[in-house]
Amino acid sequence: MATIYYDDDADLKYLEGKTVAVIGYGSQGHAHALNLRDSGVDVVVGLRPDSKSVAKAEEQGLRVASVEEATKQGDIVMILAPDQYQRTIYSEQIEPNLKPDAALFFAHGFNIRFGYIKPGAGHDVCMVAPKGPGHTVRRQFEQGRGVPDIIAVEQDASGQAWQITLAYAKAIGGTRAGVIKTTFTEETETDLFGEQAVLCGGLSKLIMSGFETLVAAGYQPEIAYFEVCHEMKLIVDLINEGGLSKMRWSISDTAEYGDYVSGPRVITPEVKDNMRAVLDDIQSGAFAERFIADQDSGAAEFKELRAAGESHQIEKVGLDLRKMFAWGSAVDADYQQGHAAR
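Right, let's walk through the structure included here. The structure presented is a predicted model; accordingly, all values stated were derived computationally and were not measured.

### Points about helix α17 (residues 313-321)
Every buried residue of α17 is listed here: I314, V317, G318 and L321. For α17, the buried positions fall inside an angular range of 100° around the axis, keeping them on one side. The secondary structure elements touched by the buried residues of α17 are α10 (201-216) and α11 (221-230).

Below you can see the structure in the form of structure tokens.
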């Protein structure tokens, strides 16, 4: 059984007199910084001087400094930059400016698990990983609730790393919902596997394959989109609310029967063999090496794969159909604006 901690298991006194340097002010960065600040913690946000986020953080009442200066001030340094940039930021801007006993915090174990960042022996190395996007972490905190976190300690140099980790999780609201003890290795490997085999890679290919099958059989692309893509949210929401059982309870008997008899024809034992191969690549470091090597060479493979995905027929059909749903237009507009700036 998992070990789960709640508010009563954590004490904010372990953050008293400490400055937390939050490196980055994206989705997670803004939520961590603001929640920590509202919990009475001294926070400084570390950003490039030319970052567009400087003005945003300052407008929200936060102290902002360069990454180097923020690191110098930080008794705890939470690194919330994208995985592929963390090792360079760490080696060039953070490591030379770290206090000798500063704790290093992460929200994902990628760079520690695969050895791209190797902190010195004098530093606590800890993880607090909210299981939700930053805007949800912030909104739930403001409403007096919290998003569950996964927590881990890779290196306990101070002898108080677990207490500090729990205090940090409490300060961002995680212990209100419950935080689960794990390891950097378990978090990293299961997170990558979930993304690749099910949540992103598996799901996107399942949707695209279903769409292609229906269109190839002569059905209208618009109808195919509704049946294999649009309605996915309805199913996932039901699963999120009450597991697979609630989803099956909520759908028609016809759909439930089809689930039982046809699901195994699509997701065959060979699929699990392929999933095992994906997991093997994650555990061996082969995926990490491929990703980082591609990023270091300009991300040519990444950009090619992204372009191919964006040019698929299902994306063109969906763009027009989503305009029919007024409540989704603002969300889609946000994506289109961000995509254009990418």
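Having seen it, we continue.
### Side note on a nonpolar patch on the surface
Residues I4, Y6 and I180 make up a contiguous nonpolar surface patch of roughly 250 Å² in combined accessible area. As for its placement among the helices and strands, I4 is situated in strand β1 (residues 4-5).

### Examining the pattern of salt bridges
Using the criterion set out here, one finds 15 salt bridges in the structure. Across the pair R276 and D280 runs a salt bridge, and its minimum N-O distance is 2.8 Å. Of the two residues, R276 and D280 are both situated in helix α14 (residues 269-284); the distance of four residues between them amounts to about one turn of the helix. The exposure class assigned to R276 is partly exposed, which follows from its relative accessible area of 43%.

### Observations concerning the sheet that holds strand β9 (residues 179-181)
Strands sit in the order β1-β9-β8-β7-β6-β5-β2-β3-β4 across an open sheet of nine strands; the sheet is mixed. Of all strands in the sheet, those with a lone pairing partner are β1 and β4 (63-65), marking the two edges. In the sheet, strand β8 (residues 149-155) pairs with β9 via three bridges, with the strands oriented parallel. Paired with I151 across the two strands is K181, which belongs to β9.

### A few points about the packing of aromatic side chains
Applying the stated criterion across every chain, the model contains eight aromatic pairs. Considering the side-chain rings of F110 and F114, the 5.2 Å spacing of their centres and the 65° angle between planes classify their relative orientation as edge-to-face. Each member of the pair, F110 as well as F114, is classed as buried. Residues F110 and Y116 carry aromatic rings whose centres are separated by 6.0 Å and whose planes lie at 10° to one another, so their mutual orientation is stacked. Look at F110 and you get buried, because its relative accessible area is 1%. Taken together, the aromatic side chains of F110, F114, Y116, F287 and F291 make up a single cluster linked through ring pairs. The cationic tip of K181 hangs over the ring face of W162; the distance from NZ or CZ to the ring centre is 4.8 Å.

### Brief notes about the nonpolar core
Judged by nonpolar contacts, the single largest core of 34 residues is most densely connected at Y25, L36, L62, F105, V128 and Y168. Here this core gets seven residues from one element, more than from any other, and that element is helix α7 (residues 161-171). Core analysis: the second largest hydrophobic core is formed by 24 residues, A21, V125, I150 and F184 among them.

### Focus on the state of the cysteines
Tallying each qualifying case throughout the model produces zero disulfides. The closest cysteine sulfur to the non-disulfide-bonded C200 is located on C229, 14 Å from its own sulfur. Residue C229 is classed as partly exposed on the basis of its relative accessible area, which comes to 22%.

Here is what the cut-offs are and how they apply
- Residues numbered from 1 in each chain as written.
- Predicted model: local features only at pLDDT ≥ 70, side-chain atom pairs only at ≥ 80, totals over all residues.
- Heavy atoms only, no water.
- Buried < 20%, exposed > 50% of the residue type's maximum accessible area, 1.4 Å probe, protein only.
- Helix = DSSP H or I, 4+ residues; strand = E, 2+ residues; numbered from the N terminus.
- Arc of directions from axis to C-beta.
- Contact = heavy atoms within 4.5 Å.
- Patch = residues over 30% accessible without salt bridge, like charges linked within 9 Å, V, L, I, M, F, W, Y side chains within 5 Å.
- Areas by Shrake-Rupley, 256 points an atom, 1.4 Å probe, with all protein chains shown as cover.
- Salt bridge = Lys/Arg side-chain N within 4 Å of Asp/Glu carboxyl O.
- Pairing = 2+ DSSP bridges.
- Phe/Tyr/Trp six-rings, centres within 6.5 Å; stacked < 30°, edge-to-face > 60°.
- Lys NZ or Arg CZ within 6 Å of the ring centre and 35° of its normal.
- Core = buried A, V, L, I, M, F, W, Y, C linked by side-chain atoms within 4.5 Å.
- Disulfide = S-S within 2.5 Å.

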